[in-house]
Amino acid sequence: MEQAFKLESKQSNGYSSWTRGINGIWFVAVGAALWGMDPLFRILLLKSFTSAQIVFLEHLLLACYALPVLLKHRKTLAGKLTLAVIGALLFISWGGSAIATVLFTAAFAHGNANAILLLQKLQPLFAIILARVLLKETLPSKFFIYILAALLGTYLLTFGLHTPEMGLKDLGTMSCLFSILAACLWGGSTVMGKFLLQKNIDFPVVTSLRFLLAIPLLSVVLLMSGDVWHLNGTGKEVTMIAVNLLFQAFFPGLISMLFYYKGLSTTKAFFATLAELAFPAIGICMNWLVFGQKLTLGQLLGFILIWLTLWLMSRVKGNAAA
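Every value quoted in this text rests on a predicted model; they were computed, and no experiment measured them. (Residues numbered from 1 in each chain as written. Predicted model: local features only at pLDDT ≥ 70, side-chain atom pairs only at ≥ 80, totals over all residues. Heavy atoms only, no water.)

Undergrad: I'd like a description of the overall build of the chain, backed by residues and values.
TA: Scanning the chain for helices and strands turns up 14 helices and zero strands. Ordering the α and β elements of the chain from the N terminus gives α-α-α-α-α-α-α-α-α-α-α-α-α-α. Out of the 322 residues belonging to the chain, those deemed buried represent 44%. For the chain, the share of sequence-separated contacts (at least 6 apart) that also reach a separation of at least 24 residues comes to 90%. Carbon together with sulfur atoms contributes 70% to the accessible area of the chain, which is approximately 16,900 Å² in total. (Helix = DSSP H or I, 4+ residues; strand = E, 2+ residues; numbered from the N terminus. Buried < 20%, exposed > 50% of the residue type's maximum accessible area, 1.4 Å probe, protein only. Contact = heavy atoms within 4.5 Å. Areas by Shrake-Rupley, 256 points an atom, 1.4 Å probe, with all protein chains shown as cover.)

Structure follows, in structure tokens:
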């Protein structure tokens, strides 16, 4: 038993040494990149379930991980569940996951898609402002060069080398307000996640609480939507749906969030919000490689620009740590 304990400790120390050698920005970027795999699993599921039903089922499956982890680490929360911590937890689980997604979806239902996508690019700016106000983070030198490069990269990913067709009237609609609110909630979720980690709440616990606290709200949303449950098909088709649901929950869902919060624990919020741009970059690649959507020169330039920005930021962070 003693030898087994020593072996486990040695493996744990080796893992810790390995992870310490990796810049936190890359953990955030890998977590965000895994979100780009979402369409691979969601397309098949949408043939049998609504979006609300898929998200609800995902969270029920994730509760199988989250509940045991929370029970195991419950003592680490002693004395830490202040009103500020509870508010931050509800912000990332309700605001960042559920409400922001609903607002963004509603925006596309009623407004100009180009205007909505353009305004959604404000997300890093909201995160940087909130990080400065709430977390008192100071911006490093040349940071505005990084953010301009990252925003230009996401613009190219979305619109390519073309100017989006829209007028000023398209930017003053209710749908654009929804898009801005969604961007604010997503940017705020990055800052609130960093706030929780600064309160010495371990990243697996933050991940677990994010999933568990979302279930009550998702249950209410599902009941209000009135969606009817129906699952038709042969045994083989039902098995494929179940396998896709499992992969959807545990790869773009669980593993991505563990990587994300692991990276966020050692990365400032303003760096993390730019590292999240790995998500649209990988999403574009998935659309090209898997779904056959044409990759334009502008999108390729945007992809390169985003990953070059991440590499430069990681070098700056690594040099600062050294």
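Undergrad: Mind laying out unusual backbone geometry, listing which residues take part and the relevant values?
TA: Leave glycine aside and you will find that most residues have negative phi; peptide bonds, for their part, are mostly trans. Positive phi, close to 60°, is recorded for Lys136, a residue that is not glycine. Position of Lys136 among the secondary structure elements: in the loop between α7 (123-134) and α8 (143-159). Positive phi outside glycine occurs at Asn200, with the angle close to 65°. Mapped onto the secondary structure, Asn200 falls in the loop between α9 (174-198) and α10 (203-225). A relative accessible area of 57% places Asn200 in the exposed class.

Undergrad: I'd like to hear about the side chain of Thr190, residue by residue, with values.
TA: Relative to the helices and strands, Thr190 resides in helix α9. In terms of polar contacts, Thr190 uses its side chain to reach the side chain of Glu276, at 2.5 Å. Apart from residues lying up to four places away in sequence, Thr190 is in contact with Tyr260, Leu264, Ala269, Ala272, Thr273 and Glu276. (Polar contact = N/O pair within 3.5 Å; in protein donor to acceptor, adjacent residues only side chain to side chain.)

Undergrad: So, the confidence of the model for the chain: which residues are in play, and what are the values?
TA: Residues at a pLDDT of 70 or more form 84% of the chain, whose mean pLDDT is 82. Mean pLDDT across the elements of the chain bottoms out in helix α1 (residues 2-20) (43) and peaks in α10 (91). This model gives residues 1-21 a pLDDT under 50, and the stretch forms two contacts once residues within four places in sequence are excluded. (pLDDT = per-residue confidence, 0-100.)

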